[in-house]
Amino acid sequence: MAAGGHVRLFCALRLPDGALDALAAWQAVHVTRARPVARASLHVTLAFLGSRPETDVAAVGRELAAAAGGAGPIVLEAVGYRETRSVGMVVLADEDGAATALAGELAHRLERLGVYRPERRPWLPHVTVARFRERPGLAPPVPVLGRVSPSDAAVYSSVLRSSGAQYEVLESVALGGR
């Protein structure tokens, strides 16, 4: 927990072990001149809430569970790599739009709860795989992950450290009644 009873919260899809292993192996070869994100920290963010009172965690968990319970089967596949000013990411295709629908439903629920303001840009399914101060201009091949089907989502806390952010699962919920 952060000082003052606040935590940095986000909700994300958790990736299955096979996808995590494949991403970590790909990073070891292709993420050079950047700091790779640790295997345990790889996820697909649905909504980043930022600093929130610790008392919001239970309500956020309930809204994530409600949104996730109605989610259809999610199938993701790696389709590209892109960089922003501070991160490298593997972009994912959302086969039937189920992940996008979940992200939209969750955003609506969290906004109604008063704990989240949706971003103006459309949600982009991706996994952040590298962080950097200066864009390294990597051009790696797309990792071969196959079709990835997360079975759960989680409310995470994020603690910033000099070695990078550390994430802790606070609550985990099944997708689509699984």
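My aim in this report is to walk through the structure given alongside it, one point at a time. Quick caveat, the model's predicted, so the values are computed rather than measured. (Residues numbered from 1 in each chain as written. Predicted model: local features only at pLDDT ≥ 70, side-chain atom pairs only at ≥ 80, totals over all residues. Heavy atoms only, no water.)

### Comments concerning the pattern of salt bridges
Close approach of charged atoms lets side chains of opposite charge pair. Test applied: Here, a salt bridge means any Lys or Arg side-chain nitrogen found within 4 Å of an Asp or Glu carboxyl oxygen. A helix here means a DSSP run of H or I that spans at least four residues, while a strand means a run of E at least two residues long, and both kinds are numbered starting from the N terminus. Residue burial is assigned from relative accessible area. The probe radius is 1.4 Å, only protein chains are included, and a residue is buried under 20% of its type maximum, exposed over 50%, and partly exposed in between.
All told, the structure shown has eight salt bridges when counted by the stated rule. Taking the shortest distance from any N to any O, the salt bridge between Arg109 and Glu63 comes out at 3.0 Å. With Arg109 in helix α3 (residues 98-113) and Glu63 in helix α2 (residues 57-69), this pair connects stretches of sequence that are 46 residues apart. The burial state of Arg109 is the same as that of Glu63; both residues are buried. Among the ionic pairs, Arg147 bridges to Glu95, the shortest N-O distance being 2.6 Å. Of this pair, Arg147 sits in the loop between β6 (126-131) and β7 (152-159) while Glu95 sits in the loop between β5 (87-94) and α3, and the two are 52 residues apart along the sequence.

### A look at the packing of aromatic side chains
Short version of the rule: Ring geometry is summarised as follows: Phe, Tyr and Trp rings, the Trp one being its six-membered ring, pair when their centres sit within 6.5 Å, and such pairs are stacked at plane angles under 30 degrees, edge-to-face over 60 and tilted between the two.
Going through the model one piece at a time under the given rule, you end up with four aromatic pairs. Ring geometry for Phe10 against Tyr156: centres 4.7 Å apart, planes inclined by 5°, an arrangement best described as stacked. In this pair, Phe10 is assigned in strand β1 (residues 6-14) and Tyr156 in strand β7, connecting sequence segments 146 residues apart. Ring geometry for Trp26 and Tyr81: centres 6.2 Å apart, planes at 50°, overall tilted. With a gap of 55 residues between them, Trp26 in helix α1 (residues 17-30) and Tyr81 in strand β4 (residues 76-83) connect regions that are remote in the sequence. Judged by its relative accessible area of 7%, Trp26 is buried. We classify Tyr81 as buried; its relative accessible area is 16%. Taken together through their ring pairs, the aromatic side chains of Phe10, Tyr156 and Tyr167 make up a single cluster.

### Some points on α2
Selection criterion: To estimate the expected span of a helix, count its residues, drop one, and scale the result by 1.5 Å. Here, two residues are considered to be in contact whenever any of their heavy atoms come within 4.5 Å of each other.
The terminal C-alpha atoms of α2, which comprises 13 residues, lie 18 Å apart, in line with the 18 Å expected from a rise of 1.5 Å per residue. Residues of α2 that are buried: Val57, Ala59, Val60, Gly61, Glu63, Leu64, Ala67 and Ala68. Looking at the buried residues of α2, the elements they touch are β1, β3 (43-53), α3, β7 and β8 (166-174).

### A few points about the sheet that holds β1
This is how it is decided: At least two DSSP bridges between two strands are required for those strands to pair. Axis definition: a line fitted to C-alpha atoms, over the contacting stretch in the case of helices. Angles run 0 to 180 degrees between N-to-C directions.
Pairing is antiparallel in the open sheet, where four strands are placed in the order β3-β1-β7-β8. Looking along the sheet, the strands with just one partner apiece sit at the ends: β3 and β8. Strand after strand, the sheet turns through a mean of 25° between neighbouring axes, direction not considered. Pairing between β7 and β8: eight bridges, direction antiparallel.

Read these as layout, nothing more, since geometry by itself doesn't imply function.
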